[in-house]
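Next come the chains, spelled out residue by residue.
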Amino acid sequence: MKIKNITLRTPFILTPMAGFTDCGFRSLCADFDAGLTTTEMVSARGLLFGGDGSKSLLYFEENSNPKSVQIFSNEPDVVAEILKRGLLKDFDIVDINMGCPMPKIVKEGMGSALLLDFDKASNVIKSAVNNTSQPVTVKFRIGFTQDTICATDFAKMCEDSGASAICVHGRTKTQLYSGLADWSVIENVVDSVKIPVFGNGDVQNILEAKEKMENFGCAGIGIGRASLGKPWIFSGLSENEFDIPAIIKKHFTILEKYFSEKLVLLHMRKHLACYIHSFPKAKQYRQKIVTSFDKQEIFDLIDELFKK
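Now for a look at the structure at hand. None of these values were measured; they are calculated from a predicted model.

The next point concerns a nonpolar patch on the surface. Side chains of Met102, Leu176 and Tyr177 sit close together on the surface and give an oily, nonpolar patch of about 250 Å² of accessible area. Relative to the helices and strands, Tyr177 is located in the loop between strand E9 (165-172) and helix H8 (183-192). Classification of Tyr177 by relative accessible area gives partly exposed; the value is 41%.

This part covers unusual backbone geometry. The phi angle at Asp202 is positive, at roughly 70 degrees, despite the residue not being glycine. Considering the arrangement of structural elements, one finds Asp202 in the loop between strand E10 (197-200) and helix H9 (206-216). Here Lys281, not a glycine, exhibits a phi torsion of approximately 70 degrees, which is positive. Among the secondary structure elements, Lys281 is positioned in the loop between helix H11 (261-276) and helix H12 (282-291).

A separate point is the pattern of salt bridges. Applying the stated criterion to the full structure yields 10 salt bridges. Residues Lys67 and Asp92 are paired through a salt bridge, measuring 4.0 Å at the closest nitrogen-oxygen approach. Of this pair, Lys67 sits in strand E6 (residues 67-72) while Asp92 sits in the loop between helix H4 (76-84) and strand E7 (93-98), and the two are 25 residues apart along the sequence. Assessed through its relative accessible area of 25%, Asp92 is described here as partly exposed. One salt bridge in this structure joins Glu256 and Lys295, with 3.0 Å as the shortest N-O distance.

In this structure, Glu40 sits in the loop between strand E4 (37-38) and strand E5 (42-43). Notably, Glu40 is buried but unbridged: the nearest opposite-charge side chain belongs to Arg26, and the N-O separation is 5.7 Å. In this structure the side chain of Glu40 is engaged in a polar contact, spanning 2.7 Å, whose partner is the backbone nitrogen of Gly19. If we ignore the near neighbours within four places in the chain, the residues touching Glu40 are Pro16, Met17, Ala18, Gly19, Phe20, Thr21, Asp22, Leu57 and Gln70.

This brings us to the packing of helix H10 (residues 244-255) against H11. At a minimum axis separation of 11 Å, H10 and H11 run at an interaxial angle of 155 degrees. Taken as axis vectors, H10 and H11 run roughly antiparallel relative to one another. Both H10 and H11 take part in a crossing whose hand is right-handed. Contacts between H10 and H11 pair Ile247, Ile248, His251, Phe252 and Leu255 from the former with Val264, Leu265, His267, Met268, His271, Leu272 and Tyr275 from the latter. The residue makeup of the contact of H10 with H11, split by class, is 9 nonpolar, 3 polar and no charged.

Looking now at the pairing of E9. Summarising burial for E9: 8 of the 8 residues are buried, a large majority. For strand E8 (residues 136-143) and E9, the ladder comprises 6 bridges, and the chain directions are parallel. Residue Thr137 lies in a different strand from E9, and its bridge partner there is Ala165. In this fold, the crossover linking E8 to E9 by way of helix H7 (residues 151-160) has right-handed handedness. Strand direction decides the pairing type here: E9 and E10, joined by 4 bridges, are parallel.

Moving on to the packing of H11 against helix H13 (residues 295-305). With their axes 11 Å apart at the nearest point, H11 and H13 run at an angle of 15 degrees to one another. One finds that H11 runs roughly parallel with respect to H13. Judged by the twist between their axes, the crossing of H11 over H13 is left-handed. The residues of H13 that touch H11, namely those facing Glu261, Leu265, Leu272 and Ile276, are Lys295, Ile298, Ile302 and Leu305. Here the contact of H11 with H13 is composed, by residue class, of 6 nonpolar, no polar and 2 charged.

Ranked by internal contacts, the top residues of the largest apolar core, which has 89 residues, are Met98, Phe140, Ile166 and Ile289. Excluding residues within four positions of it along the chain, Ile166 makes contact with Val138, Phe140, Ala155, Cys158, Val189, Val193, Ile195, Pro196, Val197 and Phe198. Counting 9 residues, the second largest nonpolar core, distinct from the first, contains Ile3, Ile6, Leu8 and Ile13.

Basis of the calculations
- Residues numbered from 1 in each chain as written.
- Predicted model: local features only at pLDDT ≥ 70, side-chain atom pairs only at ≥ 80, totals over all residues.
- Heavy atoms only, no water.
- Patch = residues over 30% accessible without salt bridge, like charges linked within 9 Å, V, L, I, M, F, W, Y side chains within 5 Å.
- Areas by Shrake-Rupley, 256 points an atom, 1.4 Å probe, with all protein chains shown as cover.
- Salt bridge = Lys/Arg side-chain N within 4 Å of Asp/Glu carboxyl O.
- Helix = DSSP H or I, 4+ residues; strand = E, 2+ residues; numbered from the N terminus.
- Buried < 20%, exposed > 50% of the residue type's maximum accessible area, 1.4 Å probe, protein only.
- Lys, Arg positive; Asp, Glu negative; His and termini not counted.
- Polar contact = N/O pair within 3.5 Å; in protein donor to acceptor, adjacent residues only side chain to side chain.
- Contact = heavy atoms within 4.5 Å.
- Axes fitted to C-alpha atoms, helices over the stretch in contact; angles between N-to-C directions.
- Parallel < 35°, antiparallel > 145°, perpendicular 65-115°, else oblique.
- Left-handed = near helix turned anticlockwise from the far one by under 90°.
- Nonpolar A, V, L, I, M, F, W, Y, C, P; charged D, E, K, R; others polar.
- Pairing = 2+ DSSP bridges.
- Right-handed = clockwise from strand over helix to strand, strands pointing away.
- Core = buried A, V, L, I, M, F, W, Y, C linked by side-chain atoms within 4.5 Å.

Written out as structure tokens, the structure is:
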């Protein structure tokens, strides 16, 4: 399938997750056939005026799969400026977050708050579209509250504003990540626009992703939380097909190209907890693995845990 002029090898994409979709994890998911990977959401203002914190979220490994960068902003001028300066030029697609439900983001009028202000959301999208030749996509939720479901109208606005594709998470802002995603609303979105629609929410594996595409007409499926600790999920194969200790070590190796070993050890703790979560004996190993400041000790414990 295509998003404007960008061809995706598969319709199953890695959706952005703050603190998790680092350059190492994205690279692994791409290796395991994710059709598109997306950075953690990056502050447009942070890129323009901030330090290295925001810029470090843009690190990426070269691979053959398309890569997207997700920004968040409610300031059209700032979005225009970062694109004019070429700060996102190394990515194939520019994605705009209009779905983050976190209070600190919403309080500033960004993320899901834009579901309540179509005009401002449209101006942000148009600003991006008018200042780059890259496809511009938008990720959003089905509404702010259950009483203000607006996904269909919001999708039409995104299309009219020039978005090349959209990804719809089937929950409202107030739901956060509780309850079930409402795929009937996503289906209504699919029927309302001509641009590709990626559905997102509660998909646990590629089999379910294929079923969702067939049942609800989506062009593709976004997979987020189900991929944590399982970058191989996009391959459609189980963990039994892979050398998980080797995957974990590769994740470390990629991050060490960009960050100090101490920072990598701190950052990898949440990833390690996910990698080992569902395996026998994980409980007795977890505390040592996720608190160690000795990389070799972590590798030895991982090898021991996964020894067959």
